Amino acid sequence: MKTFKRLVTARELPVFIALVAVVLLAGIANPSFLSASGATDILLGVAIVAILAVGQTFVIVMRHIDLSVGSLIGFTSFLIGDIYAQGYGLMAGLGAALAVGLVVGAVNGFLVAYLQLPSLVVTLGALYIVRGVFNDYAFGRTITAAMVPPEIAWIGLNRLGSIPYLFIIGLSLAIVSGIVMRRVKAARDLYAIGSNPAAAELAGIPVARRVFGAFLFNGALTGLAGAVMLGRFNAANANSGLALELIVIAACVVGGVTIAGGSGTVWGAFLGAILLQAITRTIGALGIPQFWQQAFNGALIIIAIAFDKYLNSRVKTTTIMGSKDA
Amino acid sequence: MRRWNFSWDKGVGIFLIVAVMIGTLLSDNFANASNLSFVLRDVTEFAIIALAMTFLIISGEIDLSVASALNLSSASLGFLYRAGVPFELAIIGGLLVGLACGLFNGYLVTKLGLPSLAVTIATLALYRGLSYVLLGNQPVNELPEFWISIGYGRILGTFLPWSTILLVVLAAIAWFVLHHTRYGRWTFAIGVNAEAARFSGIPVERTKLMLFAMTGLMAGVAGVVYTLRFASASPDGAVGYELSIIAAVLFGGVSIAGGVGTMWGVIAAVLSLGVIRSALQLTGFTANSLLIVSGALLLISVIAPKITEALRKRPSALGKDNTKKTIREVGNEKPTH
Amino acid sequence: MKNRLIKSGLRTFALSAVVALGIAGCASTETVTEEPAESTETSEAAESYRIAIMPKAINIGYFAAWDEGAQKACAELGATCDYIGPNEATGPAQVQFINQVIQEGYDALVISAADQNAIVPALQEAAAAGITIVTSDADVAAESADARLVTILPSAADRIGTAEVDWIAEEVGEEGCVAILSASATAANQNVWIAAMGPYLEETYPNMSWCGGDLESATFYGDDDATKSVEQFNAILSQYPDVAGIIAPTTVGVLAAAQEKKAKGATVAVTGLGLPSEMAPYIEDGTITKVGLWNPIDLGYVAVYAAVLSMQGEFDGSVGSTFTAGDASYEVVEGGIAYLGDPFTFTIDNIATFKEIY
């Protein structure tokens, strides 16, 4: 009974309901949508945004934001292919991607945590710098299917039953992160910092270290996620990852991770990413004319955000941290 | 007996002058009238929207949909004209559409209480989508000669583009309102502490709604300028402008946390970025380098004041803002975002 | 209070005045229109020609090949060619670079138009400054054709469209419904090709149709973006599960479609315009049977020749005039267009050679 009650008042419930509603709607309009291949499509399309949304959650709950993820993931997806094509192998490529992600995350984290600069500005600057460096590095070259490490290509193309491996990677990440957020004290501190930084400081939480850690983690995660992007598209060029950050943030918000910080879970973000993708697919499945689709997309996201806010203003938050603790 | 504070907006002014000097040194083609007119024409749309965005960010909100609103105004203008409406009326139609975009954003934020960052990402998609609804895949490209020559041409005999007059007038008004009227004071007050402002009797929600509306209207004006300059209205114009506008406003010394900033810092910032881009371009740097420079400038714009502040060891509450007429509560520290 | 108002107003004014004076003081008095006009009047040796080569965007592989052709022609003609252009393939971004071309006094501009309307005023200003303008690969709107001397296009628009219909018909056994995965909704080239495809399919292949009943319902826009193209490919499959073939008249679209087809193990036939270097793996493993393209290298090469020959007074771009570039000659037809020839197709037989070239 307690579990049931917990499920019903869970913060993620609105998102989940919305997701089910959208999928049903699409299924009624176009039954093939509900088939196994329809599901595979959504899951495959969601993988990248879902992974990035999970990482972004760590940052947003602390009232920060990381806008550099689009440029970074585009860069590392290109980098992995490029290094492999030059003969250094898969591990070298992954190592480089991780290194780049760590560097960007560390710089972002340092500037935000220790110099106390606003994260929107810092990561916006990082967005530009990384994109510029990436463009110079890539300059007109493309990573083609032949240049993708076969292991990555294989993961990108294959599935367990109907579930793409890429999605399984994302899902595992969400599960692990969810557990970490609930059980590891350092992660739970993030919620305290987001709710009330001054109080968190007074409570003895090493705020700067946590903030730095979150950005570092998000950077590393995004860097490695370049492999997922490469596996998904089997190609990369200077435009990879463009404007992805806004979609990631929208996914988090729709999933209940409020911009004001202090609440929301990685599960919500994950579901939010799936919901956004489902909305896009539904619009197509409903046969809405091409030129109306983007407008509908925007309108539905607004509704999703409003819906989530409405329902969550009625859900009791039992702890000051607002996490799914009680 | 006021010591001359180093505040970032003065820094930007100096930066602008230095940028012009460097540009002159680096390239022969930089410092002449025709290049200046190119730079002015390029920055006009950004500058117009930046004027309104300054108010919005100072008040603690943000609007990521401005580029889409600009384009929707442009698309509406084209749509009306193609439907047979006289061009002058179509222009008014475009402006009204921009205003409507701003009002809708404002409604979502003030009445429904949705966070502006998130909701304007959604309206970004909505407004762009509506541009496609209006124009489909047919850009409108046969606009009246007279208007195009205003959009693209220069004032007779000089190097100044017509659109610069518009910009100067709007900038003067914006500067005056922000720094010398109570609406400007309210904006700062709301940005510093919305609750305290409300208790002081300031109509917070209404003011914010107005600010969003103004931002939308300015996007509409910029949309009209854009349409005339490019002699066409297309559903996919002005993509990605919002981040550049916000970057310029931030570079101009407006704090993202709200409550701090000056109009002329922003104007200097917009001009500087245009000047730098031109200087780099004429010196042979690629467009990629410009991205890196923009990012670096943005970072410097927030790091430098921190460093000077640390050097002076002054409490941050009074550090770098416009101390003239703001309702400030010393010791009321805003958490950094 | 009034004092402060005046003071801050004065301060602002003073600073702006300093800036403006500073610029005016350094400004050269001659306007840009004078210089280039002089240099084109005298008959100069080709050595001194400076040509700007401007792609839609500099980071795209297709245009790297295009530039290769242009540079080759420049080397043969002894001209200096600079590859400059924006990061993003938009009209406004290109206009900034067109302004730079005017500023730096180039003699000619070879450009692939990122937006067929937005760059027209800027091109007109460049032409007024005496710069010879040749568009290549992507042209300005037909109504503004006089903004440029001549345009070099791969093949007659309808020929490209109809050829693609032929390729897909071949693969699907001339029956079934066909869908289109295009670039952006406003992409002029693609729209012209698609317009030619519509009636041709209906007339030539009676057992084939457009999915959804008409051309409009069968056309999806991938915006030349990998993510969106993949999404639209999937949208086609979910909206029209019985689709027999997909035509993707854009290199980004056909690549995304091939990748996605392979990922899902779909059976729909895919063809379109593809770069051999990018499509090679998919042709080699059988996902794709045939794609086509012209050689962007040629497009760049011929365009530079057209520009230089015009500056040398040997070619004026009028309808019916001809010129020679390399070992082929080209004729200008109605609308100021010179076509290269029929699109070239790539199959398993010749892909090995071409994937090394572009």
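Residues numbered from 1 in each chain as written. Chains lettered and ligands numbered in written order. Predicted model: local features only at pLDDT ≥ 70, side-chain atom pairs only at ≥ 80, totals over all residues.

What follows deals with the overall build of chain A. Each helix and strand in chain A was counted, giving 14 helices and 2 strands. In terms of overall dimensions, chain A is globule-like: its C-alpha atoms have a radius of gyration of 20 Å, near the 20 Å expected for 326 residues. If one aligns the C-alpha atoms of chain A with their principal axes, the spans along those axes are about 55 × 55 × 35 Å. In chain A, which comprises 326 residues, the proportion classed as buried is 63%. (Helix = DSSP H or I, 4+ residues; strand = E, 2+ residues; numbered from the N terminus. Rg over C-alpha atoms; globule rule 2.2 N^0.38 Å. Buried ≥ 20, exposed ≤ 12 C-beta atoms within 10 Å, placed from the backbone.)

All names here are of chain A. The end-to-end C-alpha separation of helix α8 (residues 165–183) is 27 Å, in line with the 27 Å expected for 19 residues at 1.5 Å each. Three or more residues of α8 are buried, namely Leu-166, Phe-167, Gly-170, Leu-173, Ala-174, Ser-177, Gly-178 and Met-181. Down the axis of α8, the buried set is contained in an arc of 135°. They therefore lie on one face. In α8, the exposed positions that point more than 90 degrees away from the buried face belong to Ser-172, Val-176, Ile-179 and Arg-183. In this structure, the buried residues of α8 make contact with α3 (36–60), α7 (150–157), β2 (163–164), α9 (185–195), α11 (207–233) and α13 (266–285). (Expected span 1.5 Å × (residues − 1). Arc of directions from axis to C-beta. Contact = placed C-beta atoms within 7 Å.)

Turning our attention to the environment of A:Ala99. Locating A:Ala99 in the fold gives a position in helix α5 (residues 89–114). Considered as a pair, A:Ala99 and A:Leu276 are 177 residues apart in the sequence and their alpha carbons are 31 Å apart.

Counting 375 residues, the largest nonpolar core has A:Ala250, A:Leu275, B:Ile49, C:Ile51, C:Val110 and C:Val304 as the members making the most contacts within it. Counting residues domain by domain, this core receives three or more from each of domain 1 (34–154 + 296–340) and domain 2 (157–293) of chain C. Those residues in contact with A:Ala250, other than ones at most four positions away along the chain, are A:Leu276, A:Ile301, B:Ala118, B:Ile121 and B:Ala122. (Core = buried A, V, L, I, M, F, W, Y, C linked by C-beta atoms within 7 Å. Domains from an automatic or database assignment.)

Let us look at the sheet that holds strand β14 (residues 337–339) of chain C. Within a sheet, each strand pairs with its neighbour through backbone hydrogen bonds, oriented either parallel or antiparallel. All names here are of chain C. Spatially, 8 strands are ordered β2-β1-β3-β4-β5-β14-β13-β12 in an open sheet, and the strand pairing comes out mixed. Each having just a single partner strand, β2 (80–83) and β12 (322–325) make up the two edges of the open sheet. Strand-to-strand, the axes of this sheet are offset by a mean angle of 25°, without reference to chain direction. In terms of strand pairing, strand β4 (residues 132–136) meets strand β5 (residues 150–153) through 3 bridges, oriented parallel. The residue of β5 that forms the bridge with Ser-136 is Ile-152. Docked against the sheet, helix α3 (residues 61–77) engages β1 (50–54), β2 and β3 (108–111), running at close to 165° with respect to β2. On top of the sheet, helix α12 (residues 296–311) reaches β1, β2, β3, β4, β5, β12, β13 (328–333) and β14; it is set at about 160° to β4, its chief contact. (Pairing = 2+ DSSP bridges. Axes fitted to C-alpha atoms, helices over the stretch in contact; angles between N-to-C directions.)

With that settled, the discussion passes to unusual backbone geometry. All names here are of chain A. For Arg-63, which is not glycine, the phi dihedral falls at a positive 70°. Mapped onto the fold, Arg-63 is located in the loop between α3 and α4 (69–85). The exposure class of Arg-63 is buried, given the 22 C-beta atoms found within 10 Å.

This part is about the domain arrangement of chain C. Residues and elements named next belong to chain C. Each domain of chain C was delimited in the assignment, giving domain 1 (34–154 + 296–340) and domain 2 (157–293). Look at where the C-alpha atoms of domain 1 and domain 2 centre, and you get two points 31 Å apart. With 5 residues of domain 1 at the interface, the matching set in domain 2 holds 5 residues. Along the lines of polarity and charge, the residues of the side of domain 1 that touches domain 2 split into 3 nonpolar, 2 polar and no charged. (Nonpolar A, V, L, I, M, F, W, Y, C, P; charged D, E, K, R; others polar.)

Contact residues are listed per partner, giving 27 residues for chain A and 26 residues for chain C. Of all the elements in the fold, those that place two or more residues in the side of chain A that touches chain C are α3, α6 (119–138), α7 and α13 of chain A.

Another aspect to go through is the interface of chain B and chain A. Contacts between the two partners involve 39 residues from chain B and, on the opposite side, 41 residues from chain A. Of all the secondary structure elements, the ones that give two or more residues to the side of chain B that touches chain A are α5 (116–135), α11 (241–251) and α13 (287–312) of chain B. In terms of residues, the side of chain B that touches chain A owes the most to one element, α5(B), which gives 13 residues. Per-class residue counts for the side of chain B that touches chain A are 27 nonpolar, 10 polar and 2 charged.

All names here are of chain B. Here helix α2 (residues 33–58) is 26 residues long and its end C-alpha atoms lie 35 Å apart, about the 38 Å a rise of 1.5 Å per residue gives. Along α2, the helix axis deviates most sharply at Thr-44, where the bend reaches about 45°. With 23 of 26 residues buried, α2 lies mostly within the body of the structure. (Bend = angle between axes of the 7 residues up to and from the residue.)

Attention now moves to the confidence of the model for chain C. Looking at chain C, the pLDDT average stands at 84 and 87% of residues meet or exceed 70. In the model, residues 21–46 of chain C has pLDDT below 50 throughout and makes 35 contacts with residues more than four positions away in sequence or in other chains. (pLDDT = per-residue confidence, 0-100.)

Residues and elements named next belong to chain B. Two elements in contact, helix α7 (residues 162–180) and helix α8 (residues 182–192), have axes whose closest approach is 5 Å; the angle formed by their N-to-C orientations is 65°. Considering the angle they form, α7 stands roughly perpendicular to α8. Every residue of α8 that contacts α7 at Val-177, Leu-178, His-179 and His-180 is listed here: Tyr-183, Gly-184 and Thr-187. A per-class count over the contact of α7 with α8 returns 3 nonpolar, 4 polar and no charged. (Parallel < 35°, antiparallel > 145°, perpendicular 65-115°, else oblique.)

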